[in-house]
Amino acid sequence: MAKVAFIIANNWFQDKEFWIPYKILTAQGHQCDIASWKWWYCIWVFWLEQQNSLKLEEINPQNYDLIIFVWGGGAERQYYKNEAYLNLAKQAKAVAAICIAPYILSETGIFEWKEVTWWDDWVRTQITHIEKSWAIFKDEDVVQDWKIITANWPESATKFARKIVDFLK
């Protein structure tokens, strides 16, 4: 089975985008670690808590088959232009990102000439930003381009998880 790391924000990570893939992957027997900026209990958007098992700097991306970046309002505040977060994506064997996480990761260059999807504010703010990094936007729930899997919002979390399971086979 695969070894996967979920990267979540310490405050205000999106619970559906974490819990649905986490439950599906662990049910399939994959080892799932949870990391965030600092070690402590991480708070969901709906005020529940999840303890992380690692801090970002404790993750060696080469020890994981896939690194999953989860959105939430806290992720943008905490990780936008955060070098440790961005370096994980650059060094990962494979990347999955949901909602606005691809927007944050667009700074890495990993999406150059790749088809990806992500959440947009409906006035093309995020689309414009990511397309400047040469990504090819696809208006779909989930998109896979080689070793990059992206999803557009919480309601696509189940499709996102299924795509990840298929990728890890």
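Residues numbered from 1 in each chain as written. Predicted model: local features only at pLDDT ≥ 70, side-chain atom pairs only at ≥ 80, totals over all residues. Heavy atoms only, no water.

> I'm lost on helix α6 (residues 157-168) in this one. Help?
The periodicity of an α-helix, 3.6 residues per turn, causes residues three or four places apart in sequence to face the same way. Taking 1.5 Å per residue, 12 residues should reach 16 Å; α6 reaches 16 Å between its end C-alpha atoms and fits that length. Among the residues of α6, Ala157, Phe160, Ala161, Ile164, Val165 and Leu168 are the ones counted as buried. For α6, the arc enclosing every buried residue in end-on projection is 140 degrees, short of the 170-degree limit, so these residues lie on one face. Turning to α6, the residues buried within the fold contact β1 (3-7), α1 (15-27), β7 (66-69), β8 (95-98), β11 (142-145) and β12 (148-151). (Helix = DSSP H or I, 4+ residues; strand = E, 2+ residues; numbered from the N terminus. Expected span 1.5 Å × (residues − 1). Buried < 20%, exposed > 50% of the residue type's maximum accessible area, 1.4 Å probe, protein only. Arc of directions from axis to C-beta. Contact = heavy atoms within 4.5 Å.)

> What am I meant to see in the sheet that holds β12 here?
Hydrogen bonds between backbone groups are what pair the strands of a sheet, and the pairing can be parallel or antiparallel. With mixed pairing, 7 strands are arranged side by side in an open sheet as β6-β3-β1-β7-β8-β12-β11. In this open sheet, the two strands that pair with only one neighbour each are β6 (54-55) and β11. Contacts between α6 and the sheet are confined to β1, β7, β8, β11 and β12, with β12 contributing the most and set at about 170 degrees to the helix. (Pairing = 2+ DSSP bridges. Axes fitted to C-alpha atoms, helices over the stretch in contact; angles between N-to-C directions.)

> Teacher, can you tell me more about the pattern of salt bridges here?
Opposite charge on two side chains makes pairing possible when the charged atoms of those side chains draw close. Applying the stated criterion across every chain yields a total of 7 salt bridges. A salt bridge links Lys159 to Asp141, with the nearest nitrogen and oxygen atoms 2.7 Å apart. Taken together, the residues span a long stretch of sequence, with Lys159 in helix α6 and Asp141 in the loop between β10 (136-137) and β11 at a distance of 18 residues. Accessibility expressed as a relative area gives 30% for Asp141, which makes it partly exposed. (Salt bridge = Lys/Arg side-chain N within 4 Å of Asp/Glu carboxyl O.)

> What am I meant to see in the packing of aromatic side chains here?
Tallied over the entire structure, the rule returns 10 aromatic pairs. Taking the centre distance of 5.7 Å and the plane angle of 15 degrees together, the rings of Tyr80 and Tyr103 count as stacked. On the criterion of sequence distance, the pair formed by Tyr80 in the loop between α2 (73-79) and α3 (83-91) and Tyr103 in helix α4 (residues 101-105) is long-range, its members being 23 residues apart. Using a relative accessible area of 29% as the deciding quantity, one classes Tyr80 as partly exposed. Classification of Tyr103 by relative accessible area gives buried; the value is 10%. Over the ring of Tyr64 we find Lys3, and its NZ or CZ is 4.8 Å from the ring centre. (Phe/Tyr/Trp six-rings, centres within 6.5 Å; stacked < 30°, edge-to-face > 60°. Lys NZ or Arg CZ within 6 Å of the ring centre and 35° of its normal.)

> Looking at this structure, how should I read the nonpolar core?
General note: in soluble globular proteins, nonpolar side chains tend to be found buried as a group. In terms of nonpolar packing, the biggest core is built from 57 residues, with Ile7, Ile68, Phe69 and Tyr85 touching the most fellow members. The dominant element in this core, judged by the number of residues it contributes, is α6, at 5 residues. Those residues in contact with Ile68 that sit more than four places away from it in its chain are Val4, Ala5, Phe6, Ile7, Leu25, Ala96, Phe160 and Ile164. (Core = buried A, V, L, I, M, F, W, Y, C linked by side-chain atoms within 4.5 Å.)

> Explanation requested: the pairing of β8 in the structure shown.
Two faces, one strand: in a regular strand the side chains alternate between the faces of the sheet. Judged by which residues are buried, β8 turns out to be covered on both faces: Val95 and Ala97 on one side and Ala96 and Ile98 on the other are all buried. Bridge count between β8 and β12: 4 bridges; the pairing is parallel. In the strand pairing of β12, Ala97 is matched with Thr150.

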